[in-house]
Amino acid sequence: QSQQHQQQQQQLPLMYLRALAAEQPRTQRADLWRDWPSLLAADFVLPPPLEEHVRPLYHSSVLRVSPARLTLWTHVDMCDNVLFHVRGVKHIILFPPQCVTSLDAGGTTCSRVKHVNHGIGANVGAAVLAQAWPHRIEVTLHAGDALVIPACWWHSVHTAEAAISVNVFF
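Source: prediction; values computed, not measured. (Residues numbered from 1 in each chain as written. Predicted model: local features only at pLDDT ≥ 70, side-chain atom pairs only at ≥ 80, totals over all residues. Heavy atoms only, no water.)

Student: Teacher, can you tell me more about the environment of Ala105 here?
Tutor: Structurally, the position occupied by Ala105 is in the loop between strand 4 (81–95) and strand 5 (137–141). With a relative accessible area of 5%, Ala105 lands in the buried category. It is 9.9 Å that separates the C-alpha atoms of Ala105 and Trp154, two residues lying 49 residues apart in sequence. (Helix = DSSP H or I, 4+ residues; strand = E, 2+ residues; numbered from the N terminus. Buried < 20%, exposed > 50% of the residue type's maximum accessible area, 1.4 Å probe, protein only.)

Student: Looking at this structure, I do not really get the pattern of salt bridges. What am I missing?
Tutor: Oppositely charged side chains may form a pair once their charged atoms are brought near each other. Scanning the model with the defined rule gives three salt bridges in all. One salt bridge connects Arg55 with Glu51, and the closest N-O pair in it is separated by 3.0 Å. On the basis of relative accessibility, which here comes to 27%, the residue Glu51 falls in the partly exposed class. Glu138 is paired through a salt bridge with Arg136; the nearest N and O atoms lie 2.4 Å apart. Arg136 sits in the partly exposed class, given a relative accessible area of 27%. (Salt bridge = Lys/Arg side-chain N within 4 Å of Asp/Glu carboxyl O.)

Given below as structure tokens:
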């Protein structure tokens, strides 16, 4: 690709899909098996040991389609979840719950340190983040990988290549 084409691509707005419930999205949780029965439900099956653990505690399942270069803000989920990675490459930086004060959350589920530097290393995004940085866990997911993200673990997600993934919350 020419340098001009690459610059044009980098200036395009990033589109991100986080699927909602097919019906009544304001009151129902997303559920991959209910909302996408003919397209995805038959193809996406939890491994049996995980199925036994997750089903009794099941909360929701979210289909995500992300373009390359998209970075989600640093946030925390209140449920345990498994991120199943179907396609592309994602880089995740996780921080344990005890890092909450270093992440400047201000009592919310989103950190005021909006973006952690996924370039790895020198610039960690903000001076306040420097205390949390040594406690981070970094994971790169490729197609077919899965990552358990425990409740209350702060994380930031960067999509290195266009990606498709499913979160199953429980």
